[in-house]
Each structure stands twice: as C-alpha cells, then as structure tokens.
Amino acid sequence: MNKTLIGFVRKELTQTLRDPRMKFMLFMMPMVQMTLFGVAISNEVKNMRLAAVFDSKDYVMRDVYERSLAGGWFVPAKSSGESDPFRLIQSGNADAVLIAPQGGFTRGLGRGDAPLQLLVNATNVTQAQAVENYLRQIVQTTVMNDLNIKAPESPIQFDTRILYNPSLETAVFMVPGVMCTLMVMTTMMLAMVAIVREKEMGTFETLISAPVSATEVIYGKTIPYVILGMVNLPLVLSVAVFIFKVPMRGSLLVLCLAAFAFVCTSVATGTLISTYCKNQQQANLASFLFMFPAMMFSGLMFPIENMPWSIRWMAYFDPLAHYMGLLRNIMLKGGGFQYVALHIGVLALMAVVLTRLSFRRFHTTLQ
Amino acid sequence: MTNSFVWARAIAIAKKEVFHIMRDPFTLALALVMPIFMVVIYGIAIDFNVKNIHLAVSDSDQSQSSRRLIETFGSSCYFIPFSAGSPVNTLADIEAENARASLIIPPRFEKDLLAGRSARVQILVDGADNSAVGSINGYVGAIQTRAAKNIAGFDPPAPYELRTRFLFNPELNSRWFVIPGLTVVVMAILSILLTALTVAREWENGSMELLLSTPVQPLEIIIGKLTPYGVLGIIAVTFVFVIARVGFGVPFVGNIFVFGAGCLLFLVTYLAQGLLISVTTRKQMVAMQFAMLTGFLPSQLLSGFVFPVSAMPPFFRYFTMIFPARWFMEISRDTFLKGSNVFDLWLPFCALTFLCVFMIRRATQKFKRDLEP
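All values reported here derive from a predicted model rather than from experimental measurement. (Residues numbered from 1 in each chain as written. Chains lettered and ligands numbered in written order. Predicted model: local features only at pLDDT ≥ 70, side-chain atom pairs only at ≥ 80, totals over all residues.)

1. Description of the nonpolar core
Residues Val186(B), Met187(B) and Ala291(B) are the most contacted members of the largest nonpolar core, which totals 195 residues. Here this core gets 20 residues from one element, more than from any other, and that element is helix α7 (residues 170-201) of chain A. Not counting the four nearest positions on each side in its chain, Ala291(B) is found in contact with Ile192(B), Leu193(B), Ala196(B), Gly274(B), Ile277(B) and Phe296(B). (Core = buried A, V, L, I, M, F, W, Y, C linked by C-beta atoms within 7 Å. Buried ≥ 20, exposed ≤ 12 C-beta atoms within 10 Å, placed from the backbone. Helix = DSSP H or I, 4+ residues; strand = E, 2+ residues; numbered from the N terminus. Contact = placed C-beta atoms within 7 Å.)

2. As for the interface of chain A and chain B
Contacts between the two partners involve 88 residues from chain A, matched on the other side by 89 residues from chain B. In terms of residue count, helix α6 (residues 125-146) of chain A provides more of the side of chain A that touches chain B than any other element does, eleven residues in total. For strand β5 (residues 156-163) of chain A and strand β4 (residues 119-126) of chain B, the ladder comprises eight bridges, and the chain directions are parallel. Opposite Asp159(A), over in β4(B), you have Gln122(B) as the bridge partner. (Pairing = 2+ DSSP bridges.)

3. Some details on helix α9 (residues 218-247) of chain B
Residues and elements named next belong to chain B. Between its first and last C-alpha atoms α9 spans 43 Å; for 30 residues at 1.5 Å apiece the expected length is 44 Å, and the two agree. Of all the bends in α9, the largest measures some 30° and sits at Thr227, one to four residues before the proline Pro228. Within two residues after α9, Gly249 carries a phi angle of roughly 65°, on the positive side. (Expected span 1.5 Å × (residues − 1). Bend = angle between axes of the 7 residues up to and from the residue.)

4. Structural notes on the environment of Ser174(B)
Tracing the backbone shows Ser174(B) in helix α7 (residues 174-205). Along the chain, Ser174(B) and Asp47(B) lie 127 residues apart, while their C-alpha atoms are 5.5 Å from each other. Not counting residues up to four positions away in its chain, the partners in contact with Ser174(B) are Val125(A), Ile46(B), Asp47(B), Phe48(B) and Asn49(B).

5. Here's the deal with the domain arrangement of chain B
Its domain assignment divides chain B into domain 1 (7-46 + 173-371) and domain 2 (53-152). On a C-alpha basis, the centres of domain 1 of chain B and domain 2 of chain B stand 48 Å from each other. (Domains from an automatic or database assignment.)

6. Section: the sheet that holds strand β5 (residues 161-167) of chain B
Pairing within the open sheet is mixed, and its five strands lie in the order β2(A)-β1(A)-β3(A)-β4(A)-β5(B). Since the sheet does not close on itself, it has two edges, and those belong to β2 (74-76) of chain A together with β5 of chain B, each with one partner. Adjacent strand axes in the sheet meet at a mean angle of 25° when their direction is disregarded. As judged from the four bridges shared by strand β1 (residues 48-53) of chain A and strand β3 (residues 96-99) of chain A, these two strands associate in the parallel manner. In the strand pairing of β3(A), Leu50(A) is matched with Ala96(A). Helix α3 (residues 59-70) of chain A contacts β1, β2 and β3 of chain A of the sheet and is inclined by roughly 170° relative to β1(A). Here α6(A) sits on the sheet and contacts β1, β3 and β4 (115-121) of chain A together with β5 of chain B; the angle it forms with β4(A), its principal contact strand, is near 155°. (Axes fitted to C-alpha atoms, helices over the stretch in contact; angles between N-to-C directions.)

Put into structure tokens, the structure is as follows:
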C-alpha cells in the first residue's frame, strides 16, 4: 500500500461516514432489520382457522376438533352466519373445514363406512398440504384413542432424525439468509453510488488530472467499502449468534474468509455496474435490476434444487447463492473443507473477473 | 396564492416527466422489462413441492427387502437414491451438500422383517434447509406406508376415510399461489422506487426551487410528476396479468373490477408514500435506502408473499397492518383464486383506503409546508 492510496481510502471513509444518517443506515439498520426479519418471517404453519361441522352428540368428532385446536396449529374459525362450508372458506373466515358424514362420525365409525370430509383452502400450496397431513394424524390418533383400538404396528419403522436444527427453529435457517441479503445491499450499493456520485458531480475528471494513477483511483474507491462491509460482519454475526442463538459450529476464521470473498465480489459488482451508469438514479435502478434476480436465485425464499435446469444454471452465477450456502454450511454444519473451499474459490474467481472487467471499462472511459 | 389549479400545467409537467423516462434506459428497463422477466422466471422456476431430493443410502443388509425399500424411495419420484457406502459416509455427504437426506439400513433388516419383529431403518434429514424438511417428512411418511404394504404386505383396514378437497387450487400448483402475489411486488417496486427517486432528484438538482418560482402550483407538480409513474404501474400490472392468464394459465375467478379497484388504491398509496419519502429525505441515496426499507423489503418479506402473515408472532401480525402491500396481497390472491366479492374483502379495502388517505394527506402536507414558508 502506498501513501496516496491510504490517503484516498481515508478520504473516502470520512466522506461516507460524515453523514449521521448514513452511519445509522450502515451500522444500525442491518442489525435492526435482521432482528425484525429474523423474528417475523417463517415458513411454519400456525394460526390456521379451522371450522368443523358436526352434531353436538358426535363425540369423536368433537374430540377431533378439540385436539386440533389444542395442538397450536389451529385457531377456531370466525363465526359468521355462514352455514355453507365452501362460503366459509371463500369469505376468508376459515382456512379449513372438517365435515362429519351424514348421521355423525361416531355412528359412521361403528358402521365401518365413515367418509370424513375435509375442505382446505389451497391457495397457499405448502400450507394446504401441511394442514392435510397434520389433520390426518390427529384424526388417526383420536379415533384410535376414542374407540380404544391399538393401532397395528407397521412392520417397517422409520426413525427420522433431523440434523443440525432438530427443533426446526426457523430463525436458525432464516437469519443467515437475511444476513447475506443485508450485506450485499450495503456494500454493493455504497460502492456504486460513491463512484457514480463523483461522475455526476464531475469530480472524477479532477481526480484523473491529479497525480494518481487510474488503478489507485479504483482501489481507493473500492477498498473503503470492503472495509465497511467487513466491519458490518461482527455486528450482524453477533445478532445472529447472541439474539437468535444460531449455532456457530465452524471456524470463525473460515467464515471471515468467506465473508471477505463475498464482500469483494459484491463491491466489484457494484463497481462494474457503476461504469455503465451516468447518474445516481440510473445506479439505483441498476442495482435494483441486479438485486432482484440475485435475491431470487439465492435460495432465501425458494429452494434452488426445484428449479428446472433451463434457469437453474443462473444460480451458479449468483454470488448471493454461493455466500448463502457458505453461511449455512459453516454456521450450521461446521463447514466441510471441500464444499467451503469450492465456493470460496468461486467467489474469489468472480471477484477477480469482475474487478478486471471494471478496470478495463474504467481505462477505456477514462483515458 | 391567487391562481388556481390548471390542468394544462399539470399535463405539461407530466409530458416533461415522460421525456425523462423515455431518455433513461434503466428506468424503462425497470418499468417494462423487469415485470415480464420476473413473471416468466418466477412462473418457470418456482415450485414449492420439493423434488429431486438426493438421498445418500447406506445398505448394510444387501438383501432383497432392503433393495426393494430403496426402490420404493426411488420410484416415488421425489428422491434420487445413490449408494454412499458406510453410514458415516452418508453423514459426510449431507455435510458436503451432496445429499439432503440419508437412509441407513442396518444389517438385520430382512431378518427382523421375516421374523415378524419390527424392522427399523434410520433416516437423517438435513435440517439446515427448513423449507425442505417439512416436505421430506411428509414424503417419508407416505413411503413408509407404501413400503410396509409392498414389502411386508401390511395393509390394515381403516375404520374411516378422510376425503380431502383442495379448494381453489385442486392441483396444488405453486404458480397459482406465487403469480397473483407478484402483481403486488411489481407494483410496489415500480411505484415507490421511481417516485421516491424522481422527486428527490429535483430537490438534489435544485430544479425544485426553480419549478416553484414559476406559476406552477404544488398540487400541479405532484399530479404532473406522479401520473406518468402511475400509468407505468398500470401498464406493468396489465403485463403481469396477461402473462399470468395466457402464459401460465392462472385462473381469475373473481370480479375484475374489484381487482382493478384494489390495484388503483394500492398504486396511489404507494405513489404517495414514495412522494413522502422523497420530500422528507431530499437526497437520492437516502431516498433509495428508505424506499428499499419501507417499500421493497416489506412488500416481499412482510406482506405474506411467501412467508404467511398468519405464522408471524402476534406483534408482527398487527405490525404488518401498516403495510399496504399486505392488504393488497390479500385482495389480489382472493380475487384471482377464490373469487371473493367486495363484502368478503371489506377489511382489506377499508384498511387500504385508510392508508391511502393517510399517505396522501401526509405527503401533501409535508410538501406544502416545505414549499410555502
């Protein structure tokens, strides 16, 4: 590092951190957001509104209903004058309705033919399937219990164990994902806007005429954001580990290395995009055009494995996908050498390629 | 102020804004290409039903029964079994992300089965990916029943029958769930982001002061600047709607006017919010961050687009009520799939109207106060 570069980096840091709002955005916001989203979002099925249509004498059916409510998945449906079960779901007062057969479920069981009907609102597919599975189990156990039958044991027994996150805490899964999204937002956009702002204000030309080389200008404009991104890491990481109790099974050093590779890639992406933009508005919109698919292919919201190959290959070019995988692998599984090395390698390669590309773009536009 | 509102001036400002948009390739791309791109990609890519689960198998029994068990997994079209060797290797495969689950068959599997004892196998599921675990558990349960029937001929008669009807989406097609939600996300992004940026830019350039020294009224500026983006939003939604119906065959069973009314209300609310942001921040960089924070992220993460509102902790279930996207998400999905009428949706409509009026009031107040000292 030479003196010019150090001076440049220092100037850039001061300039970014001068605005108190920016400081807040940079250091507090990611922590606040992570807490918010970590607490709020989950894929669990909860508070589904269940209604049941049955006679007051139908005690097995009443047991089924009460048991379902006791499990925590369901809450009673809002009572509205509606008697048609279909309308009950259509009007949004219930998500699922259990309908006892003619003459009651209890009597139907005695006769041996008791078609119990279940209507589920299937607009949310995963929820609907989960509700069906869950109710099936409840009906099964209730019937066995009430009729005092011992269920014949299946000759093949599966012992299922869930690894890494046995109680299926959503936060453990979501928080690394949110962390990744927040880190890319701060680093990429800052670097991009910083460069475009200089362009817009015409100060870039001044910089070029000063006795600094183009390489120094670019490094000077990007290194500060890599530093800021890395400063962010312990903040968000401590929220993850101390507030959400996300386990940290891998080595901290490896995680830092992964984060470093990712932040470099993200800053390099920002730099490259900035070479195509004339003003801040364009930069902001362009960052958006990048963020949207990047978030979608990252695996935060939708499993990548499910995508058909015709578009799945795009995920391999998404730095977020690699980093998200790395975070989950290192934090939850302890980080197998092969996997970690491969993906850090890919990220590093991306960083190098993107930096080279933006260098070339800069040289052609500047000289 | 003596002069009153004149449409010609508002139209002139709108015209100027249209030129601005046409000149800027990124704005046009964002407004017209991205919605199409999003719907197509989402429509093709998104499937919540987890398939192609790589299953690392360790078969220490190597008997006919154990092979049939593995076949049962393979023929379910959810799992792709592959042989991993020892039980420890299967674990290593999960760790290295080569497998999502593993099946460990102990050496005495067939013997136990023939002797009438219950034969146990172990299944390990990768819990690092929560979204898949639920589905895998469901499949495993179904496979157990099938395996017991096929291999051991175990098929106890059930004293009852549960007949499930999946309403509104009988084929359990994830697209029908995702695409109506996309209309909300697309509109949210376009309206809030573009307005926040465009008005903040005028402040930053100082051209807002210039505009004000002309006889143009603040209200004319607002209407002139926002109308083009409103129109863009409507065009984008129309695109999404047509692609959803024609390209992906998503049904629309509700009333188109109910949906349209919801669209308009939502659009105006978000335009007003974008205006409020830009008037408050007056800097594009900060406005962008705010727009992301209050528009983009909530519309994706807190609106029920993917993560259901009903699953949130109580505080957040109430907290999400301040986001227009949450209400419009309900209107959009219910009119698309359930065919709900206005009376079923009275709550979302009331809430949306309230938020809309509130935002417009706040934005114009702030705008006027800042302008007329």
